[in-house]
Amino acid sequence: MNITIIGLGLIGGSMALLLRGLPGVQRIIGVDHENAHGKQALNGGLVDEMMDLEDAISVCDVIILAIPVDAIKNILPTILNIVDTQVIMDVGSTKAVICKTVQDHRNRGLFVASHPMWGTEFSGPSAATKLAFAGKAAVICDQVNSSHAAIGIVEKIYKFLGMHIVYMSSEEHDLHAAYVSHVSHITSFALANTVLEKEREDNNIFELASGGFESTVRLAKSHAEMWVPIFVQNRLNVLDVLNEHVEQLNKFKSCLVNEDFEELARLIAHANTIKRILK
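Keep in mind that what you see is a predicted model, and the values were worked out from it rather than measured.

Side note on the overall build of the protein chain
Working step 1: The number of helices and strands found in the protein chain is 12 helices and eight strands.
Working step 2: Against the compact-globule benchmark of 19 Å for 279 residues, the protein chain has a radius of gyration of 21 Å, which places it among compact chains.
Working step 3: With respect to the three principal axes, the spread of C-alpha positions in the protein chain is 65 × 40 × 30 Å.
Working step 4: Split into buried and exposed, the 279 residues of the protein chain put 43% on the buried side.
Working step 5: When contacts within the protein chain are restricted to residue pairs at least 6 apart in sequence, long-range pairs at least 24 apart make up 72% of them.
Working step 6: Taken as a whole, the protein chain presents about 15000 Å² of accessible surface, with 55% of it coming from carbon and sulfur.

Written as structure tokens, this is what we have:
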């Protein structure tokens, strides 16, 4: 089996590294519009060769789309137009818009909409790691619209990566992703901007920032090229959770303004109950 990976950043590159060990895989082929990424991927042993899109599709059995979600939406119909039996899977952080774009395509059954729930703030082929994915969830969406054979191949890939699989609709995925992933990034971006605005001395940020600040603001290093399209495609869900988040922030603000420290303690204690879910 030959696998073509379109997009050799953190997710695509890490999948390339790990899928070399998947039984039956003969070649890993890369496609990336940035020549520098292609050279890094080759030099780092992520892929066996780089090709242009059509050549890479013609010689592969599985196509993995590991590019920003707006690019997935734009390129997926074109790929479905030219594939024959190749299975296509995406790893994008939004699903509903992408699935709707190809819902009536004659080759829709060859496409499996999926999202491995793993990532870091780093990007590019140099960020690829063999420590990715294990123990995390992989979401497969709208599986009734994909062929049994295509689903089976994608399940095999994710299970080899050490992931457990969750099935849901693309709409459900986007709602839950807004709560557990997308708002976390907005919060991190906002906190970073707050500190950059209020703390004028870079050295103070560097010297005094503790583990709590570092872990909270870590996601602010993520690139706009990836995250703006996610926020655009999942705008309504993100707005819903953002409204709730602002309301919660205002509760903490109100406690401090009104010196209601008992209520402040109650809010913190309620937040502590998350540890029964996240240990």
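The structure having been displayed, the exposition proceeds.
Quick look at the packing of aromatic side chains
Working step 1: Following the criterion strictly, the structure yields three aromatic pairs and no others.
Working step 2: Each ring, one from Phe189 and one from Phe231, has its centre 6.5 Å from the other, and the planes form 90°; the classification is edge-to-face. You can see Phe189 sitting in helix α7 (residues 170–198) and its partner Phe231 sitting in helix α10 (residues 224–233), a full 42 residues away along the chain.
Working step 3: Judged by its relative accessible area of 18%, Phe231 is buried.
Working step 4: Three or more aromatic residues link up through ring pairs in this structure, and these residues are Phe189, Trp227 and Phe231.

Focus on helix α4 (residues 69–82)
Working step 1: Between its terminal C-alpha atoms α4 stretches 20 Å, which fits the 20 Å expected from 14 residues at 1.5 Å a residue.
Working step 2: If you look at α4, its biggest bend is around 35°, right at Ile75, and the proline Pro77 turns up within four residues after that.
Working step 3: Listing the buried residues of α4 in full gives Val69, Ile72, Ile75, Leu76, Ile79 and Leu80.

Conventions adopted
Residues numbered from 1 in each chain as written. Predicted model: local features only at pLDDT ≥ 70, side-chain atom pairs only at ≥ 80, totals over all residues. Heavy atoms only, no water. Helix = DSSP H or I, 4+ residues; strand = E, 2+ residues; numbered from the N terminus. Rg over C-alpha atoms; globule rule 2.2 N^0.38 Å. Buried < 20%, exposed > 50% of the residue type's maximum accessible area, 1.4 Å probe, protein only. Contact = heavy atoms within 4.5 Å. Areas by Shrake-Rupley, 256 points an atom, 1.4 Å probe, with all protein chains shown as cover. Phe/Tyr/Trp six-rings, centres within 6.5 Å; stacked < 30°, edge-to-face > 60°. Expected span 1.5 Å × (residues − 1). Bend = angle between axes of the 7 residues up to and from the residue.

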